[in-house]
Amino acid sequence: MSWKLQRWLLLAVVGVYVAMRVYRGAAICMDGDEIFSVGVASHDWMGLLRAVGQDSIHPPLFYFLLKIWIAIGSDSLFWTRLLPTLFSTLAIIPMVLLGREFQLRPVVITSTVAMAAIHPYLLYYSQHVRMYTLLMLCALTSLWAFHACLRPGKRSLTARFAVLTLVNIVSVNSHYYGWLVIGLECGYLIFWQREHLKRMAISCAVVFVGFMPWMIWVGKYIRAKGGLASNLDWIQKPDAGALAWFFVDLAGFGDFPSIGRQALAGLVVLVLAAGYAAWRERARLHAGHFVYMARFLLYFVLGSVAVAFTASRLLPSSIWGHRHMVYLVFPMLMLVTAAYYQLNSVAVRIIAGVLCAVWAGMVIQHHLKGDDKKTPFDALVIQMLAQEADNPNTVPFYSVDKYLHYPVWFYLETLKAGKITGFARPFPVADRARLAVDASRIQVKNHVSIDDAKGAHFWVGYSTAWQGKLTPEAILTARGCRVGGDVTVRDRYHWSTIFPVWCEQ
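Residues numbered from 1 in each chain as written. Predicted model: local features only at pLDDT ≥ 70, side-chain atom pairs only at ≥ 80, totals over all residues. Heavy atoms only, no water.

1. Quick word on the overall build of the protein chain
The cut-off we apply is this: Helical segments are the DSSP runs of H or I of at least four residues, strand segments are the runs of E of at least two, and each set is numbered from the N terminus. Here the globule rule reads 2.2 Å times residues to the power 0.38, and the radius of gyration is calculated from C-alpha atoms. Classification of residues uses two cut-offs on accessible area relative to the type maximum, computed with a 1.4 Å probe and protein chains only: under 20% is buried, over 50% is exposed, and between them is partly exposed. In what follows, a contact means two residues having at least one pair of non-hydrogen atoms within 4.5 Å.
Along the protein chain, the regular secondary structure elements total 23 helices and 6 strands. Taken against the 2.2 N^0.38 rule, which gives 23 Å for 505 residues, the C-alpha radius of gyration of the protein chain at 25 Å falls within 12% of a compact globule. Here the C-alpha coordinates of the protein chain stretch approximately 85 × 50 × 45 Å along the principal axes. With 505 residues in all, the protein chain has 51% of them scored as buried. Within the protein chain, counting contacts between residues at least 6 apart in sequence, those at least 24 apart form 78% of the total.

2. Re the nonpolar core
Convention followed: The criterion is simple. A nonpolar core is a set of buried Ala, Val, Leu, Ile, Met, Phe, Trp, Tyr and Cys residues joined through side-chain atoms within 4.5 Å.
If you look at the biggest cluster of nonpolar residues, it comprises 100 residues, and the most contacted ones within it are Phe 62, Met 325, Tyr 327 and Phe 330. At 13 residues, the largest contribution of residues to this core is made by helix α9 (residues 132-150). Excluding its chain neighbours within four sequence positions, the residues that come into contact with Met 325 are Tyr 121, Tyr 177, Phe 246, Ser 304, Val 305, Ala 308 and Trp 320. Leu 380, Val 395, Phe 410 and Ile 498 belong to the second largest nonpolar core, which has 28 residues in total.

3. A few points about the state of the cysteines
This is how it is decided: Put simply, a disulfide is two cysteine sulfurs that come within 2.5 Å.
Here the structure, examined in full by the defined rule, presents 1 disulfide. Of all cysteine sulfurs in the structure, the one in Cys 204 sits closest to Cys 138, which takes part in no disulfide; the separation is 16 Å.

4. Some remarks on the packing of helix α2 (residues 32-41) against helix α4 (residues 61-72)
Quick note on the threshold: Lines are fitted to the C-alpha atoms to define the axes, a helix being fitted only along its stretch in contact, and any angle between axes, read from their N-to-C directions, falls within 0 to 180 degrees. Oblique is the label for any angle not under 35 degrees, not over 145, and not in the 65 to 115 range, which are roughly parallel, roughly antiparallel and roughly perpendicular in turn.
It is the contact of α2 with α4, at a shortest axis distance of 8 Å, that shows an interaxial angle of 70 degrees. In terms of their interaxial angle, α2 and α4 are classed as roughly perpendicular. Of the residues in α4, those in contact with Phe 36, Ser 37, Val 38, Val 40 and Ala 41 of α2 are Phe 62, Tyr 63, Leu 66, Lys 67 and Ile 70.

5. Focus on a nonpolar patch on the surface
Threshold: Two distance rules govern patches: like charges are joined within 9 Å, and nonpolar side chains (Val, Leu, Ile, Met, Phe, Trp, Tyr) within 5 Å, applied only to residues with over 30% relative accessible area and no salt bridge. Method for areas: the Shrake-Rupley scheme with a 1.4 Å probe, in which residue coverage is limited to the protein chains shown. Should a side-chain nitrogen of Lys or Arg be within 4 Å of a carboxyl oxygen of Asp or Glu, the pair is scored as a salt bridge.
Where nonpolar side chains cluster on the molecular surface, the patch consists of Leu 86, Leu 90, Ile 93 and Leu 97 and spans about 300 Å² of accessible area. Mapped onto the elements, Leu 97 comes out in helix α6 (residues 92-101). For Leu 97, a relative accessible area of 34% translates into the label partly exposed.

6. Here we look at the side chain of Thr 133
Rules: For this analysis, a polar contact is any N or O atom pair within 3.5 Å, provided that within protein one partner can donate a hydrogen and the other can accept it, and provided that sequence-adjacent residues contribute only side-chain to side-chain pairs.
Along the chain, Thr 133 turns up in helix α9. Under the relative-accessibility criterion, Thr 133 is labelled buried at 0%. A distance of 3.1 Å separates a polar atom in the side chain of Thr 133 from the backbone oxygen of Pro 84. What Thr 133 contacts, discounting residues up to four positions off in sequence, is Pro 84, Phe 87, Ser 88, Tyr 125 and Ser 126.

7. Focus: the environment of Val 483
Tracing the chain through its elements places Val 483 in strand β4 (residues 482-483). A C-alpha to C-alpha distance of 22 Å links Val 483 and Lys 402, two positions 81 residues apart in sequence. Residue contacts for Val 483: discarding those within four places in its chain leaves Glu 473, Leu 476, Thr 477, Phe 499 and Pro 500.

8. What to know about the packing of aromatic side chains
Stated formally: For Phe, Tyr and Trp, rings pair up if their centres lie within 6.5 Å, where Trp contributes its six-membered ring, and each pair is then called stacked (planes under 30 degrees apart), edge-to-face (over 60) or tilted (otherwise).
What the rule picks out here adds up to 36 aromatic pairs. Centroid distance Phe 36 to Tyr 63: 6.2 Å. Interplanar angle 85 degrees. Geometry classified as edge-to-face. Separated by 27 residues along the polypeptide, Phe 36 in helix α2 and Tyr 63 in helix α4 bring together distant segments of the chain. A relative accessible area of 0% places Tyr 63 in the buried class. Taken together, a centroid distance of 6.0 Å and an interplanar angle of 65 degrees make the contact between Tyr 462 and Trp 466 edge-to-face.

9. Here we look at helix α12 (residues 197-224)
Test applied: Here, expected helix span is obtained from the residue count minus one, scaled by 1.5 Å. Values of bend correspond, residue by residue, to the angle between axes fitted over the seven residues ending at that residue and the seven starting there.
Given a rise of 1.5 Å per residue, 28 residues ought to cover 40 Å, and the 37 Å separating the end C-alpha atoms of α12 matches this to within 8%. Remark: the principal bend of α12, roughly 40 degrees, maps to Phe 211, with a proline, Pro 213, within the next four residues. If you check which residues of α12 are buried, you get Met 200, Ser 203, Cys 204, Val 207, Phe 211, Trp 214, Val 218, Gly 219 and Tyr 221. Looking at the buried side of α12, the elements it contacts are α3 (45-55), α10 (157-172) and α11 (177-192).

10. Examining the packing of helix α21 (residues 405-416) against helix α22 (residues 429-440)
A pair of packed helices can be characterised by two numbers: the angle between their axes and the separation between those axes. Our working definition: The hand of a helix crossing depends on one turn: near helix anticlockwise from the far one by less than a right angle means left-handed, and clockwise means right-handed. The classification used treats Ala, Val, Leu, Ile, Met, Phe, Trp, Tyr, Cys and Pro as nonpolar, Asp, Glu, Lys and Arg as charged, and all other residues, Gly among them, as polar.
At a closest axis distance of 7 Å, the pairing of α21 and α22 adopts a crossing angle of 130 degrees. Judged by the inter-axis angle, α21 sits oblique to α22. With respect to the hand of their crossing, α21 and α22 are arranged in left-handed fashion. Where α21 abuts α22, its residues Leu 412, Leu 415 and Lys 416 lie against Arg 432, Leu 435, Ala 436, Ala 439 and Ser 440. Within the contact of α21 with α22, the residues separate by chemical class into 5 nonpolar, 1 polar and 2 charged.

11. Digging into α2
Of all the residues in α2, the buried ones are Glu 34, Ile 35, Ser 37, Val 38, Val 40 and Ala 41. Here α2 starts with a cap whose side-chain oxygen sits 3.2 Å from the backbone nitrogen of Asp 33, and that cap is Asp 31.

12. What about unusual backbone geometry?
The phi dihedral of Arg 24 is positive, around 60 degrees, even though this residue is not glycine. Topologically, Arg 24 is positioned in the loop between α1 (3-22) and α2. By relative accessible area, Arg 24 is classed as partly exposed at 33%. One non-glycine residue, Ser 56, lies in the positive phi region at around 75 degrees. With respect to the secondary-structure elements, Ser 56 resides in the loop between α3 and α4.

Below is the structure:
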């Protein structure tokens with residue numbers, strides 16, 4: 001099939017790619033991380049820098065872009081989630097360019113984008129108001145620019161390294177994992193093309209200078225709080241199980257934990273079949289560009305995982321996170337798709353075709369049902385206000401959970417301001433004044449002990465993180481208080497509960 005026809009087919013696949021991300025993009029309210037992003041972007045420019053400096057664990061570029069994006073449109077849930085979707089869609093461009101540099105057939109590139117269009121791991125972060133798809137766009141553009149520096153071309157080598165340098169400056173100011181990609185690029189040159197090391201060293205020096213303003217700014221905040229342990233202590237050090245599950249996630253089966261073992265078994269069978277076919281057709285594979293492409297992509301995929309895993313095991317605090325390496329989805333899919341079309345093994349074609357068809361059906365069905373990874377915190381707030389609609393008095397809300405208070409506080413404050421930021425449920429303009437008054441009567445108490453929950457009438461909230469032997473309801477009932485019916489919301493991994501309490505004074 002010619003490139004002219006493939007361009008139209010690729011455009012159609014990109015349309016599906018975008019549609020899958022826009023569909024139900026605003027069906028579930030913002031989670032805590034997304035709330036933080038929008039909250040930071042709501043500051044003025046200096047306030048934004050202070051907030052990001054105090055947080056310390058991410059560079060500021062994404063927050064700058066989010067602030068501009070909100071100024072262009074609005075802070076509605078649909079509009080804010082379009083920004084990560086935009087970054088995710090733009091990431092197709094460097095991957096298509098990289099595929100053409102590898103001289104891949106048009107059908108391979110189009111098939112890669114088609115698989116990415118419904119990949120659940122990529123879908124989720126394409127609808128998540130955080131910097132991970134921006135990192136993906138930067139990392140993939142860096143890989144394309146880096147590869148362009150390695151091959152002969154009409155443009156001068158200095159100009160190509162200048163492009164790589166600019167891309168990497170943007171990358172490291174988007175996410176610290178940008179440095180991981182740069183480090184792997186340096187390692188690639190050491191292993192295979194040392195003649196470019198001098199230019200790469202100059203490029204890295206310029207990137208470091210471009211990153212220096214942020215280092216100076218954030219350094220004072222890190223020193224003031226004695227390091228990053230307080231930000232990273234919640235991240236567990238990965239073990240062999242976490243490593244295996246990452247590859248299940250990368251393969252697109254992470255959204256189906258109930259079939260995790262079966263998925264892993266299917267992948268093992270496919271890898272063994274592909275390995276056997278590759279061994280039988282080794283002469284044919286070496287005759288083309290496949291081995292070179294496979295080495296390049298596998299180096300960055302496995303290198304990223306190996307460095308992140310090892311560093312997380314050795315450093316005092318873990319830096320492991322699937323979301324940090326979402327940029328590996330496209331290279332992995334390109335490698336798998338190219339291998340599929342390269343091998344003529346009937347066994348591989350049948351196994352891979354069946355596995356892909358089953359996977360695609362499951363993913364589409366799951367996506368049509370809706371996201372189950374985010375908790376509908378806005379529902380908690382709305383139902384609490386509905387139950388307190390006839391109460392003119394101030395009502396304390398005691399969060400005995402260190403995480404639950406933040407989304408509850410945010411959605412109450414949003415309603416108090418007469419806004420709908422982060423809400424999945426649209427409110428008529430006529431209802432906003434009433435909701436603002438109702439929300440103003442709720443006073444959120446941040447992460448308190450259950451013993452401090454006192455008063456004639458109040459609400460208590462807790463979640464999966466609760467570790468007491470008795471539930472808060474049981475503790476308050478034993479104290480002689482009357483507990484009302486609870487309101488509980490869930491996602492795939494957690495639940496959150498709030499309930500009203502009345503105590504005699």
